[in-house]
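Here are the chains, one letter per residue:
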Amino acid sequence: MIRNFLISSLRFFQKHRAFTFLNILGLGTGMAACLLILQYVSYEKSYDHYNEKIDRIYRVRYDFIRNGEVQFECAAATPAVGPAMKRDFPEIEEFARLFPTSAIFEYEGTSYQEQKVHIADPATFRIFSLDIILGDKVDPINEPFTMAISTSIAKKYFGDDDPIGKMIRVDGEELYKITAVFKDLPESSHIKIDALGSYATFSTYEWSEGMEESWGWYDFNTYVLVKPGTDIDALQAKIPEFIERHRGERLRKNNSEVRYIYQPLEDIHLYSNLLQESEPPGDGQAVYFLTIISVCILIIAWVNFVNLSTARSLERAKEVGIRKVVGAFKFQLFAQFLSEAFLVNLFSLIFASLIVVLSAGYFPQLTGKPIDFSTFFNSSYFLWFILIFFLGTFLSGLYPGFVLSNFQPVTVLKGNFGSHSRGASVRKGLVILQFAASVVLIVGTFLVQQQIGFMKAFDVGFEMDQTVILNGAEISSADSTYKTKYEGFQKRIAEISGVQGLTSSSSVPGREIFWTRAYEWEKSDTEGGFITYIMAIDHHFIPQYEMNLITGRNFSPEFGTEESSVIINQAALGRFGFPDAQTAIGEKLVGGDTEFKIVGVLDTYHQMGLDKDLYPILIRYVPNENSFYSIRLQNADVPEALAKIEAEYRKVFPDDPFSFFFLDEYFNGQYVSYIQFGKVFGLFSFLGIIIACLGIYGLSSYSTLQRTKEIGIRKVLGASSFQIFRLLSWDFLLLIIFGNFIAWPLAYFIMSNWLDSFPVRIDIGFGLFVFAGLIGLMIALFTVSIESIKAGLSNPIHSLKSE
């Protein structure tokens, strides 16, 4: 019986090639889009799953509240937290603190600045699945001045030599002994590690005295490994008592609160966007949207199949009648049509797989992710897709099979097919749903692109174009002659053709500020002050970056007490309680044993991207700061200017590696994930619309075919081609209008939620919905017109000659 079903199905496909091709093209494209999106989603969801104990690893999030106001929500905790939790909670098996830093590595004349360096507890290797391939596999960083490095770092400095036991110089001072080499971490890791220095090294410095008991220095990413079977909610419930025991009295004295929250390791990449994240996080909302799009596209494709199958019910009515007359049972007919649906879906899946394979080189470039098939096939998403495929195949074949198998043989063989009404209401409802989804995708595509363009074009309060940032001379800055060297370097750089000037600072726009301290207005009634972010600059910084002072003055060497002066930004103005900028001038900010006088207030500028909130910044005067050198170019031959800058840098600071980046690229790099999301969203929205058009085209062509004789009669009676076009398009036009009414509120709700995640965002205007609806209308009418114009221009003799 199954063999007969297959033979009958293949004969039907051969007889109706155009119909079959249209179904396979639409379904195959939809499945391919769904497969590609699910590959992207499965990759994003795979972050940190290389860790064998991922279900037991948690990061300790640190929130600080003062005077009832949240000061920060931070991914890093304090040094004392991990050890105290290990002592107090028997559920915790291990803890590890990772202190992120950058350092200059030097070995036998080869030196580079490395950004992915961490000072870490030995338990790091017992918590995370770091695969040691050389050296000590038990406790490689247990002793001071020991270091474990990745295979990439080992290759970079030691080539093919065995690095174990060799000494590498760090920041021109200490020598670290290489004790282990571990495999490079996969890209799908929320934390990137090139080198792990021993935490015990801290104890060799005088400044580290008392560090282990510090509850205020929050720069340590702290992870805990809980014992198997631990109820994390029950453990979290113990935190208030833990805080009271260790910090309660002091917190009450400062009118403060803290929260320690256990974040599951597998949630960090997509669902954590805190201060001091190890790497730019992913976007869980974007992944959710793309998942919805993949399902929508697949539904649109299946809706096409159902619509086209039921639309052909009149043509297959006599076939059903004859089969029933010769003895076919209803369930046999149902099985026949279900087998046809299965084969169409199977051929579509094969076509979709071919598309996915052919796009294997392009899709990773589009998403900016190293996506391959293995991630998808090894994930639960593959099983879900197979389940959806069989479920969708069954459901998409269920309704057409039910409609076709229920024809009564006596009725259909007499030529009475129940007019055109059988299944018409369902088809119209599905077309409305399909078009509504298309309009939602059009609106979403426009809004995503508009928000990205808005962020890139927004006035962030400083000038970033033609600005080159050099990493500062950290090694040379330890020399007592650094001040003289730097001032000479600054003068020589200014003499290079096309260079406007050079300024030094502890940070640059686009880089998160980690230097913080609590300050308060001397006349404030609040206790304990507010957490403020501190940046050090010289007096060239503000004019070179073309920042605006609302009031007050810039730093100047002419004033002898500038080291006790500060400039604050507008966010700090409100945080400290000043009623206006002018009031703040001359007032004092105090914090601990330090005191600063406010000499200026900066206009609003965005230290970070527009997807981050503004935070209070206190700017101090520190001439000759050695972290970053900002060089402004103007009408310069950039390659030539860079070559001269490098030559001067190497001449003045021979012990420091030369490295640079362009500020505009660096700052806009914060938006890369949004840009990639916009591209992916736009591509698959386009595919969804194309698939919907294929369905509309199929329905319109079949509708035209069914009304061929009617069109011929109307033309004989004098109907024009335009009237024929209007006749055939009117039904679809009404469905499109209904689809818009459904799509507009749905699109507004979905996109408003997405835009609300941005502190600075565009407004959604009603005109956009009208514009999207008109685009959808034109696309649909163009699709319908392909067949309706052909019918309007056809010779009525051909359609009426059999009458």
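Our focus in this paragraph is the overall build of the protein. When its secondary structure is counted, the protein shows 27 helices and 22 strands. Classification of the 803 residues of the protein by burial places 54% in the buried group. Taking the intrachain contacts of the protein between residues at least 6 apart in sequence as the baseline, contacts between residues at least 24 apart amount to 81%. Surface accessibility of the protein: about 36000 Å² in total, with carbon and sulfur atoms responsible for 58%.

Attention shifts here to the pattern of salt bridges. All told, the structure shown has 32 salt bridges when counted by the stated rule. A salt bridge links Asp 479 to Lys 485; the shortest N-O distance between them is 3.8 Å.

Attention now moves to the environment of Arg 252. Along the polypeptide, Arg 252 turns up in helix α7 (residues 239-253). On the basis of relative accessibility, which here comes to 53%, the residue Arg 252 falls in the exposed class. Sequence spacing of Arg 252 and Arg 66 is 186 residues, and the spatial spacing of their C-alpha atoms is 9.9 Å. Of the polar contacts made by the side chain of Arg 252, one reaches the side chain of Glu 244; its length is 2.9 Å.

Core analysis: the largest hydrophobic core is formed by 144 residues, its most contacted members being Phe 72, Met 85, Tyr 260, Tyr 262, Phe 462 and Phe 684. Of all the elements, helix α2 (residues 17-45) adds the most residues to this core, at 15 residues. The contact partners of Tyr 260, leaving out residues within four places of it in the chain, are Val 60, Arg 61, Tyr 62, Val 81, Met 85, Trp 215, Gln 236, Ile 239, Phe 242, Ile 243 and Arg 247. Counting 23 residues, the second-largest nonpolar core is a separate cluster that includes Ala 123, Ile 141, Leu 225 and Leu 265.

Here we take up a nonpolar patch on the surface. On the surface, Trp 730, Leu 734, Ile 737, Phe 738 and Phe 741 cluster together into a nonpolar patch covering about 510 Å² of accessible area. Turning to its location among the elements, Ile 737 is positioned in helix α25 (residues 721-755). Exposure remark for Ile 737: the relative accessible area of 37% places this residue in the partly exposed category.

On to the packing of aromatic side chains, then. As enumerated under the stated definition, the model contains 59 aromatic pairs in all. Measuring from ring centre to ring centre gives 5.2 Å for Tyr 674 and Phe 758, while their planes differ by 55°; the resulting arrangement is tilted. Within this pair, whereas Tyr 674 is found in helix α23 (residues 672-706), its partner Phe 758 is found in the loop between α25 and α26 (766-793), the two being separated by 84 residues in sequence. Exposure remark for Tyr 674: the relative accessible area of 12% places this residue in the buried category. When its relative accessible area of 4% is taken as the criterion, Phe 758 is described as buried. Aromatic ring contacts, followed pair by pair, group Phe 99, Phe 145, Tyr 176, Tyr 199, Phe 202, Tyr 205, Trp 207, Trp 217 and Phe 220 into a single cluster. A cation over a ring is seen here: Arg 553 above Phe 559, with NZ or CZ 3.7 Å from the ring centre.

Looking now at the pairing of strand β14 (residues 516-521). The pairing of β14 with strand β15 (residues 530-537) spans four bridges and is classified as antiparallel. In the strand pairing of β15, Tyr 519 is matched with Phe 530. Pairing between β14 and strand β18 (residues 588-591): two bridges, direction antiparallel. Bridge pairing in β18 links Glu 520 to Val 590.

Interhelical geometry of helix α24 (residues 708-716) versus α25 gives an angle of 145° and a closest axis separation of 10 Å. At the point where α24 passes α25, the crossing takes the right-handed sense. Along its contact with α24, which presents Glu 710, Ile 711, Arg 714 and Lys 715, the element α25 presents Ile 724, Leu 727 and Leu 728. Tallied by class, the residues present in the contact of α24 with α25 amount to four nonpolar, no polar and three charged.

To continue, consider the side chain of Asn 624. Tracing the sequence through the fold places Asn 624 in the loop between β20 (617-621) and β21 (628-633). Other than its neighbours up to four places away in sequence, Asn 624 contacts Tyr 482, Lys 483, Tyr 486, Glu 487 and Ser 504.

What follows is about the confidence of the model for the protein. On average, residues of the protein carry a pLDDT of 86, and 89% of them reach 70 or more. The element-level mean pLDDT for the protein is lowest in helix α15 (residues 409-413), coming to 59, with strand β10 (residues 221-226) highest at 98.

Here the focus is the packing of helix α17 (residues 482-494) against helix α21 (residues 638-652). Where α17 contacts α21, the two axes come as close as 10 Å, and the packing angle between them is 160°. Judged by the angle between their axes, α17 and α21 are roughly antiparallel. When you trace α17 past α21, the crossing you get is right-handed. For the pair formed by α17 and α21, the contact residues are Lys 485, Phe 489, Arg 492 and Ile 493 on the first element and Ile 645, Glu 648, Tyr 649 and Val 652 on the second. Partitioned by chemical class, the residues of the contact of α17 with α21 number five nonpolar, no polar and three charged.

Across the chain, the bulk of peptide bonds are trans and the bulk of non-glycine residues have phi less than zero. Of note, the phi angle at Glu 108 is positive, near 50°, even though the residue is not glycine. Considering the arrangement of structural elements, one finds Glu 108 in the loop between β3 (92-107) and β4 (110-120). If you check the backbone angles, Phe 145 has positive phi at about 60° while not being a glycine.

Within the fold, Thr 29 resides in helix α2. The class for Thr 29 is buried, based on a relative accessible area of 13%. In this structure Thr 29 touches Ile 24, Phe 351, Ile 355, Leu 687 and Ile 691, once residues within four positions along its chain are discounted.

Looking at helix α3 (residues 81-88), one finds that the buried residues are Val 81, Gly 82, Pro 83, Ala 84 and Met 85. Buried residues belonging to α3 abut β1 (57-66), β3, β10, α7 and β11 (256-264).

With that settled, consider the pairing of strand β12 (residues 467-471). Regular strands place side chains that alternate from one sheet face to the opposite one. With five of five residues buried, β12 lies mostly within the body of the structure. Of the two faces of β12, the one lined by Thr 467, Ile 469 and Asn 471 and the one lined by Val 468 and Leu 470 are each fully buried. Strand direction decides the pairing type here: β12 and β21, joined by five bridges, are antiparallel. Residue pairing in the sheet places Val 468 in a bridge with Ile 631 of β21.

So, on to the environment of Tyr 107. Note on placement: Tyr 107 falls in strand β3. Distance from Tyr 107 to Leu 175, taken between C-alpha atoms, is 9.9 Å for residues 68 residues apart in sequence. Ignoring sequence-local partners within four residues, the contact set of Tyr 107 consists of Tyr 157, Phe 158, Lys 166, Met 167 and Ile 168. Side-chain polar atoms of Tyr 107 contact the side chain of Glu 108, separated by 3.3 Å.

Let us now look at α7. An ideal rise of 1.5 Å per residue puts 21 Å on 15 residues; α7 measures up with 20 Å between its terminal C-alpha atoms. When we look at burial in α7, the residues that qualify are Ile 239, Phe 242, Ile 243, Arg 247, Gly 248 and Leu 251. One or two steps after α7, the chain reaches Asn 255, where phi turns positive at roughly 55°.

Reading the values: rules and limits
- Residues numbered from 1 in each chain as written.
- Predicted model: local features only at pLDDT ≥ 70, side-chain atom pairs only at ≥ 80, totals over all residues.
- Heavy atoms only, no water.
- Helix = DSSP H or I, 4+ residues; strand = E, 2+ residues; numbered from the N terminus.
- Buried < 20%, exposed > 50% of the residue type's maximum accessible area, 1.4 Å probe, protein only.
- Contact = heavy atoms within 4.5 Å.
- Areas by Shrake-Rupley, 256 points an atom, 1.4 Å probe, with all protein chains shown as cover.
- Salt bridge = Lys/Arg side-chain N within 4 Å of Asp/Glu carboxyl O.
- Polar contact = N/O pair within 3.5 Å; in protein donor to acceptor, adjacent residues only side chain to side chain.
- Core = buried A, V, L, I, M, F, W, Y, C linked by side-chain atoms within 4.5 Å.
- Patch = residues over 30% accessible without salt bridge, like charges linked within 9 Å, V, L, I, M, F, W, Y side chains within 5 Å.
- Phe/Tyr/Trp six-rings, centres within 6.5 Å; stacked < 30°, edge-to-face > 60°.
- Lys NZ or Arg CZ within 6 Å of the ring centre and 35° of its normal.
- Pairing = 2+ DSSP bridges.
- Axes fitted to C-alpha atoms, helices over the stretch in contact; angles between N-to-C directions.
- Left-handed = near helix turned anticlockwise from the far one by under 90°.
- Nonpolar A, V, L, I, M, F, W, Y, C, P; charged D, E, K, R; others polar.
- pLDDT = per-residue confidence, 0-100.
- Parallel < 35°, antiparallel > 145°, perpendicular 65-115°, else oblique.
- Expected span 1.5 Å × (residues − 1).

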